[in-house]
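Given next are the chains, with one letter for each unit.
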Amino acid sequence: MALTQNKSMLAWLDEMTELLKPDQIVWIDGSEEQLEELRKEACSTGEMIKLNEEKLPGCYLHRTKPNDVARVEARTFICANSKEEAGPTNNWMEPADAYKMLYDIARGTYAGRTMYIIPYSMGPIGSQFSKVGLEVTDSIYVVLNMAIMTRCGKAVLDAFGNENTDWVKGLHAKCDVDEEKRYICQFPQDNTIISVNSAYGGNVLLGKKCFALRIASYQGWKEGWMAEHMLILGLENPEGEIKYVCAAFPSACGKTNLAMMIPPQVYKEKGYKVWCVGDDISWLRIGPDGRLWAINPENGFFGVAPGTNQKSNPNALASTRKGTIFTNVAHNLDDNTVWWEGLDKNPPVNAVEWKGEKVNGVEYTAAGNKLAHPNSRFTAPAKNCPCVSSEFDSTTGVPISAIVFGGRRAKTAPLVYQSRDWNHGVFVGSTMASETTAAATGAVGVVRRDPMAMIPFCGYNMADYWQHWIDMGEKLGDKAPKIFHVNWFRTDDEGHFIWPGFGDNLRVLDWMLKRCEGKVDAKETAIGFVPEVDDINLEGLDFSKEALAGILNVDKDLWKAEIPGIKEFYAKFGDKLPAKLQAELDTLEAKLAE
Ligand code: GTP
Ligand code: SPV
Ligand code: MN
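Along each chain, the written sequence defines residue order, and numbers are assigned to residues from 1. Chain A is the first chain written and ligand 1 is the first ligand written, with later ones labelled in order. Per-residue local features of the predicted model are confined to residues with pLDDT of at least 70, and side-chain atom pairs are confined, for both listing and counting, to 80 or more; whole-chain, interface and lining totals are unaffected and use all residues. Derived side-chain values reflect all non-hydrogen atoms in the structure, with water molecules and hydrogen atoms excluded from consideration.

K.L.:
I'd love a proper account of the pattern of salt bridges, names of residues and values included.
P.N.:
Salt bridge, as applied in this entry: a Lys or Arg side-chain nitrogen positioned within 4 Å of an Asp or Glu carboxyl oxygen. As enumerated under the stated definition, the model contains 35 salt bridges in all. A salt bridge links Glu589 to Lys567, with the nearest nitrogen and oxygen atoms 3.0 Å apart. In this pair, Glu589 is assigned in helix H18 (residues 579-593) and Lys567 in helix H17 (residues 556-571), connecting sequence segments 22 residues apart. Any residue under 20% of the maximum accessible area for its type is buried, any over 50% is exposed, and the rest in between are partly exposed; the area is computed with a 1.4 Å probe on protein chains only. Note on Lys567: relative accessible area 38%, which makes it partly exposed. A cluster of three or more residues bridged by salt bridges with shared partners is formed by Lys208, Lys209, Lys255, Asp280 and Glu298. Counting from the N terminus, the helices are DSSP H or I runs at least four residues long and the strands are E runs at least two residues long.

K.L.:
Summarise the coordination of the manganese ion (ligand 3); cite the residues concerned and give the values.
P.N.:
Listed donor atoms are N, O and S within 2.8 Å of the metal (Na, K and Ca: 3.2 Å). As water is not included, a site may look incomplete. In this structure, Lys209 (NZ), His229 (NE2) and Asp280 (OD) serve as the protein donors to the manganese ion (ligand 3), at separations of 2.2 to 2.4 Å. The sequence pattern formed by the donor residues of the manganese ion (ligand 3) is K-x19-H-x50-D. In this pair, His229 is assigned in the loop between strand S12 (226-228) and strand S13 (230-236) and Asp280 in the loop between strand S15 (273-278) and strand S16 (282-286), connecting sequence segments 51 residues apart. With relative accessibility at 0%, the residue His229 sits in the buried group.

K.L.:
Describe the site of ligand 1, listing the residues and the values that go with them.
P.N.:
What surrounds ligand 1 is a group of 22 residues, the closest being Ala252, Lys255, Thr256, Asn257 and Arg377. Within 3.5 Å is the distance limit for a polar contact, defined as a pair of N or O atoms, with the added protein rule that one can donate a hydrogen and the other accept it, and that residues adjacent in sequence qualify only through two side-chain atoms. In this structure, an oxygen atom belonging to ligand 1 sits 2.7 Å away from a side-chain N or O atom of Asn257. At a separation of 3.3 Å, an oxygen atom of ligand 1 approaches a polar backbone atom of Pro306. In short, Shrake-Rupley with a 1.4 Å probe defines the accessible areas, and a residue's cover is counted only from the protein chains shown. Here ligand 1 loses 91% of its free accessible area of 660 Å² to cover by the protein chains. Broken down by secondary-structure element, the contributors of at least two residues to the shell around ligand 1 are helix H9 (255-259) and strand S18 (300-304). When residues of the shell around ligand 1 are assigned to their parent elements, the largest contribution, 3 residues, is made by H9. Lys, Arg, Asp and Glu make up the charged group, whereas Ala, Val, Leu, Ile, Met, Phe, Trp, Tyr, Cys and Pro make up the nonpolar group; the residues left over, Gly among them, are polar. In terms of residue class, the shell around ligand 1 is made up of 10 nonpolar, 8 polar and 4 charged. Structurally, the shell around ligand 1 is a two-domain feature, drawing no fewer than three residues from each of domain 2 (228-299 + 390-593) and domain 3 (301-384). When we say a residue is near a molecule or strand, we mean one of its heavy atoms is within 4 Å of it. Segmentation of the chain into domains, including their bounds, is taken from an automatic or database domain assignment.

K.L.:
Please provide a residue-by-residue account of the domain arrangement of the chain, values included.
P.N.:
Segmentation of the chain into domains returns domain 1 (7-30 + 72-223), domain 2 (228-299 + 390-593) and domain 3 (301-384). Once you take the C-alpha centre of each, domain 1 and domain 3 turn out to be 29 Å apart. Between domain 1 and domain 3, the contact holds 10 residues from the first and 10 residues from the second. Across the domain 1 to domain 3 interface the summed buried area is about 790 Å²; carbon plus sulfur atoms make up 68%. Together, Tyr141, Ile148 and Tyr200 form the three largest contributors to the area buried by domain 1 at its contact with domain 3, with a combined 60%. The interface formed by domain 1 and domain 3 includes 0 salt bridges. Summed over the shared surface of domain 1 and domain 3, the number is 3 residue pairs in polar contact (both at pLDDT 80 or more). Going through the elements one at a time, helix H5 (140-149) and helix H7 (201-204) are the ones with two or more residues in the side of domain 1 that touches domain 3. Here the element with the most residues in the side of domain 1 that touches domain 3 is H5; it accounts for 5 residues. Residues that form the side of domain 1 that touches domain 3 fall into these classes: 6 nonpolar, 3 polar and 1 charged. Note on contacts: a residue pair qualifies if any of its non-hydrogen atoms lie within 4.5 Å across the two residues. Two parts placed together each lose some accessible area under a 1.4 Å probe, and the buried area is that loss summed for both.

K.L.:
Describe the site of ligand 2, with residues and values.
P.N.:
Lining the immediate environment of ligand 2, one finds Arg71, Tyr200, Gly202, Lys208, Lys209, His229, Ser251, Asp280, Phe302, Arg377, Ala439 and Phe457. The contact in question runs from an oxygen atom of ligand 2 to an N or O atom on the side chain of Arg71, over 2.9 Å. One nitrogen or oxygen atom from the side chain of Asp280 is found 3.4 Å from an oxygen atom belonging to ligand 2. Here the residues of the shell around ligand 2 sort into 4 nonpolar, 3 polar and 5 charged. Residue assignment places the shell around ligand 2 across two domains, with domain 1 (7-30 + 72-223) and domain 2 (228-299 + 390-593) each supplying three or more.

Here it is as C-alpha cells:
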C-alpha cells in the first residue's frame, strides 16, 4: 500500500511503474524490521556478506562489478534547457533527447525484479533547510545505503504532506551494469535525476551528489542559498566556545579526515575539541542574524577506506565498527572481517581481494597488488562517530566563521593563506587546482582546475555559480565568513608529503580562527595573507621552523607560471565570467609583477 497520498508523487510512481514493469513494489518505511529483512535477502543472494557479528556488529561487505567502482564524470550530464545553462564545464544533453534515450534504456528492466520506493529527506525532517526526494531503485544495496546516508521512510512523507510538489524525482535502474550504456543525468529544471547501468555509490545514492549538490546547487541559485562540497566542523576552545568552519576539498583530498580529526596532544591537554557536523556536503543559508548558517543534508558518511587507520583517523575508524556497509574492500577470511591498504601493516593471509578472488594477502600485496580498491568505501551512520556534534540534528544549523578551500598540490600552494576579502576568496576558490584521485574514473594525479571542489557537481553554468557566490558575499557584508586556502600535500624532492597533516592540521585551523578573531597578524603576499612562521604552533611536534618556512613560502615564479592556466580556464566562460573575478586576476598579475 502506498505510504503517501501526495498526488504528484503517486502520478510519477505510476509513470515509473508503467515504464519499468517491476514484478513487485515495496515502499521503504524506515523500520528496522524491514531493513533487517532486506539485509537477509541480500545475504541470501550473495549481494552482501554478513561480517563477524562480534567484531563488526551489523556490518556487511559488498563488491561492485570491477567496471563500476567510482563516479563516471564523462558519463554524467546536466540536462538543462540549453547548453549555455549547463556551461562549459558540464556535459550537456538536450532534455527531450535525454529522457527518450534513458527511458529506452530503462524500459522494462525491472521485470522479474522489485521496485523499491525510498522516500528520503536531505536534512533533518521538517527543517526549513531540508528537501525531500523519492528514489526508485531495483537494488537492495542502494536501499540499505540510502537508509544510512539519509533520513528515510514514512516519517518523511508524513511531514511532507499531500499537496506539496517541491520534491526531487530519482530513477535508478541498474539494468545490466553495462558501462557503455551508463548515464548519470540531472534535469535541474524538472527536479529530476535518472541513473542507469551503475550500482556504485556516487552514481546511484541519488540523494548524495546528484541531488544534494547538482540539483541543490541549482535550487540554491534560484532560491538564494548555496549547496557546497564542504565538510562542517566545530572547534571548541578551552573556554568552551565553539567556532564552525566549512571546508571544500576535491574528492579524496581530506574532508572526512579533517571533519573528525583528533587534536594533537598539546591541544587536547589544553581542552580543545573537534566536533563533526558533516564530512562531504553543506547547505548554507543566511540566517536571521545575517550570518551564514550551515547544515549537513546527509545522515551518514560514505568515506574512503584506504588510509583510514587508528592513527590517521580513529574517529572514522570507530564510526565503521557497527552498522556499516563496506564496498570493495578486502575480506579477511580468518576472522570474517575487512582490510584495506593503510589499515595496518598486516594484510590477511587468507584474503579475498576486492574483485572477489581468493589470494594470499601477504604475497599478493608484497607483489605490489592492492587488496582493496583505492576508492573502496565505508557507509557508516553519522551517529556512530565519537565526535559527532550535538548540533548534528539541528534544524537551523551552525553559524560559519571560516570557509576553507584546498587541494592536492605538490608545489605552488603554501600550507595556508587567507584571502584579502570575500571576492578575493571567491577568486581563490574559482582558481583552485588539484591532482585527480581514484574517486572518479580516469587518470589519477593529473592537476586540473576544480573550482570550489565543485567541478563534477555544479548543476549549472559555473560562471553563474561564481556570480552567485559574489552576490551572497554582498548580502553577507561584514558578517561574511573569512576565506582561506590550504594545501596539506606539498611534497619534497623525493615525493614525500612534508607536512604531517591529519590531527596536526588543527595547528593551521587554530591560526585561521585566530585570524577571524583578529588575534594574530599575518604577512601580506601577492596571493594573500600568509602566517608568520612563529604564529603556527609547533609545540609537541617534531617539525622544524625551517621546514615550516619552506611550505609557507610563496614562490612568485611558480605563481606566475599559474597565470596562463587560469586565463585559459577563465576564457572558457567568455562574457559570462564575472567582471569581479577578471579584476581579481588582473590584481594578482600586477602584484606578482611588483
Ligand atoms: P570524498 O569522500 O571523496 O569526498 O573524499 P574526502 O575529501 O572526504 O577525503 P578523505 O578525508 O577520505 O581523504 C582521502 C585520502 O586523503 C585518504 O587516503 C587520506 O589518508 C588522505 N588524507 C587526508 N587528510 C590528509 C592529510 O592531512 N595529509 C595527507 N598527507 N593525506 C591526507
Ligand atoms: C566523492 O567522490 O566526492 C565522494 C564519493 O564523496 S561519491 O559519493 O561516490 O561521489
Ligand atoms: Mn565527496
